Amino acid sequence: MTASRPSALDGDAALVTAAVAAFRTDLDRLLGEIGRRLVGQGEVAGAAISALLAGGHVLLEGVPGLGKTLLVRTAATAMDLTFSRVQFTPDLMPADVIGTNLIVDDAGSRRFEFQKGPIFAHVVLADEINRATPKTQSALLEAMQEQSVTVGKQTYTLPPPFFVLATQNPIEMEGTYPLPEAQLDRFLYKLRVESPTGAELHQILDRTTGAPEEATRIVLGHDRLLEMRALVRQVPVARPIQDFVVRLVGATHPARSPLGEVTRFVRYGSSPRGAQAIILGAKIEALRAGRFAPSFADVRRVAIPALRHRVLLNFDGEAEGITADALVEKLLATLPEMP
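Worth saying up front: this structure is predicted, and the values here are computed from it rather than measured. (Residues numbered from 1 in each chain as written. Predicted model: local features only at pLDDT ≥ 70, side-chain atom pairs only at ≥ 80, totals over all residues. Heavy atoms only, no water.)

Undergrad: Provide a residue-level description of unusual backbone geometry, including the pertinent values.
TA: In the segment running from Pro160 into Pro161, the intervening peptide bond is cis, with an omega of -5 degrees. Its location among the elements puts Pro161 in the loop between strand S7 (154–157) and strand S8 (163–168). You will see that Glu128, though not glycine, has its phi angle at about 55 degrees, which is positive. Structurally, the position occupied by Glu128 is in the loop between strand S5 (123–127) and helix H5 (134–137). Glu128 gets classed as buried once you look at its relative accessible area, which sits at 18%. (Helix = DSSP H or I, 4+ residues; strand = E, 2+ residues; numbered from the N terminus. Buried < 20%, exposed > 50% of the residue type's maximum accessible area, 1.4 Å probe, protein only.)

Now the structure itself:
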């Protein structure tokens with residue numbers, strides 16, 4: 001199989017092997033440190049860190065108290081990144097997130113000075129984002145896509161790496177505003193956080209009701225994180241793998257899908273960002289496994305979190321209780337890997 005484009009990983013085999021092995025070792029150390037503080041949720045933590053390495057953002061859905069805040073705070077500390085948390089409420093204003101110009105006295109004169117908001121951090125936790133009004137939710141749009149913030153006529157660049165991890169309560173809970181499609185599409189993955197099992201709840205009680213735990217250790221530096229991000233972009237993708245992703249994303253659209261359920265129950269399919277998310281996620285899955293290029297299995301592992309928030313159901317689909325997860329699973333089972 002031929003790669004879709006040249007890559008820096010096409011060089012010396014020993015250097016390639018060393019780079020992939022170092023990536024795998026550092027990622028395991030990071031996930032191990034997170035797992036030392038967070039009980040269970042290993043799959044969610046792995047996907048969240050994968051999104052960070054891919055340069056994307058994550059939307060976590062789950063009821064309060066399942067460790068979502070602990071996950072992102074621990075990850076930021078373990079990577080030696082600045083962290084800020086924004087509690088989204090119905091009365092939160094956009095300026096409370098991005099900052100505002102204030103009048104300050106300067107040697108007897110007055111001037112405007114920009115006071116940065118909490119969005120100016122490497123890792124931003126947007127807690128219960130669907131409790132804020134759409135106007136405030138949209139304050140994150142430019143930052144998530146362009147890595148910058150514009151106030152008045154001035155544009156401010158956000159510090160790299162910039163990562164938003166937003167949490168939301170299930171939409172059926174009271175006092176929530178569903179995220180608009182444009183905002184949902186900015187998230188690389190949408191992950192669901194499930195309640196702990198009985199055994200995991202025992203571990204949580206043992207850890208949190210006894211002696212204080214050891215503080216989170218820094219296991220990955222800022223510069224090393226940026227190197228790992230760059231390595232992800234250099235992983236080659238075989239044309240048949242990319243073709244499968246293209247056909248999968250195309251099959252989520254009612255007008256082009258070979259699956260009758262998609263034609264009947266889907267209002268809109270995935271945007272091109274869905275294909276980008278799958279390719280980047282598959283690259284990281286390959287590196288985590290110590291391989292130089294993604295496989296069809298890697299694509300299948302990341303397809304659901306990459307597409308579940310990009311496949312929008314129509315009224316009939318919602319009335320029938322159809323889920324985007326189930327439709328993507330059927331597409332994965334139906335589409336042949338080779339056309």
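Undergrad: Got a sec to walk through the nonpolar core? Specific residues and values, please.
TA: Judged by nonpolar contacts, the single largest core of 76 residues is most densely connected at Ile49, Leu53, Met79, Tyr189 and Ile278. By residue number, the principal contributor to this core is helix H2 (residues 42–54), which donates nine residues. One finds Leu140, Val149, Phe162 and Ala166 within the second-largest nonpolar core, a separate group that totals 27 residues. (Core = buried A, V, L, I, M, F, W, Y, C linked by side-chain atoms within 4.5 Å.)

Undergrad: Which residues make up the packing of helix H1 (residues 13–37) against helix H3 (residues 68–78), and what values go with them?
TA: Remark: H1 packs on H3, axes separated minimally by 10 Å, with the N-to-C direction vectors making an angle of 135 degrees. When the axes of H1 and H3 are compared, the pair comes out oblique. Considering the relative orientation of H1 and H3, their crossing is right-handed. Here H1 contributes Leu30, Glu33, Ile34 and Arg37 to the contact with H3, which in turn contributes Leu70, Leu71, Thr74, Ala75 and Ala78. When its residues are assigned to classes, the contact of H1 with H3 shows six nonpolar, one polar and two charged. (Axes fitted to C-alpha atoms, helices over the stretch in contact; angles between N-to-C directions. Parallel < 35°, antiparallel > 145°, perpendicular 65-115°, else oblique. Left-handed = near helix turned anticlockwise from the far one by under 90°. Contact = heavy atoms within 4.5 Å. Nonpolar A, V, L, I, M, F, W, Y, C, P; charged D, E, K, R; others polar.)

Undergrad: Break down the environment of Ala282 for me, citing the residues and quoting the values.
TA: Residue placement: Ala282 occurs in helix H12 (residues 272–288). When its relative accessible area of 1% is taken as the criterion, Ala282 is described as buried. As for Ala282 and Ser50, which are separated by 232 residues in sequence, their C-alpha atoms are 9.6 Å apart.

Undergrad: Go over the packing of H2 against H12 with me, naming the residues and quoting the values.
TA: Interhelical geometry of H2 versus H12 gives an angle of 110 degrees and a closest axis separation of 9 Å. It follows that H2 is roughly perpendicular to H12 by the angle criterion. As for how H2 packs across H12, the hand of that crossing is right-handed. Along the contact surface, H2 presents Gly46, Ser50, Leu53 and Ala54, while H12 presents Leu280, Ile284, Glu285 and Arg288.

Undergrad: Describe in detail the sheet that holds strand S1 (residues 58–61), supporting the description with residues and values.
TA: Taken in spatial order, the five strands of this open sheet run S2-S5-S8-S1-S9, and their pairing is parallel. Of all the strands in the sheet, just strand S2 (83–87) and strand S9 (189–192) have a single pairing partner and so form its edges. Within this sheet the neighbouring strands show an average axis-to-axis angle of 20 degrees, counted without direction. For S1 and S8, the ladder comprises four bridges, and the chain directions are parallel. Its bridge partner lying in S8, Val58 is registered against Leu165. (Pairing = 2+ DSSP bridges.)

Read these as layout, nothing more, since geometry by itself doesn't imply function.
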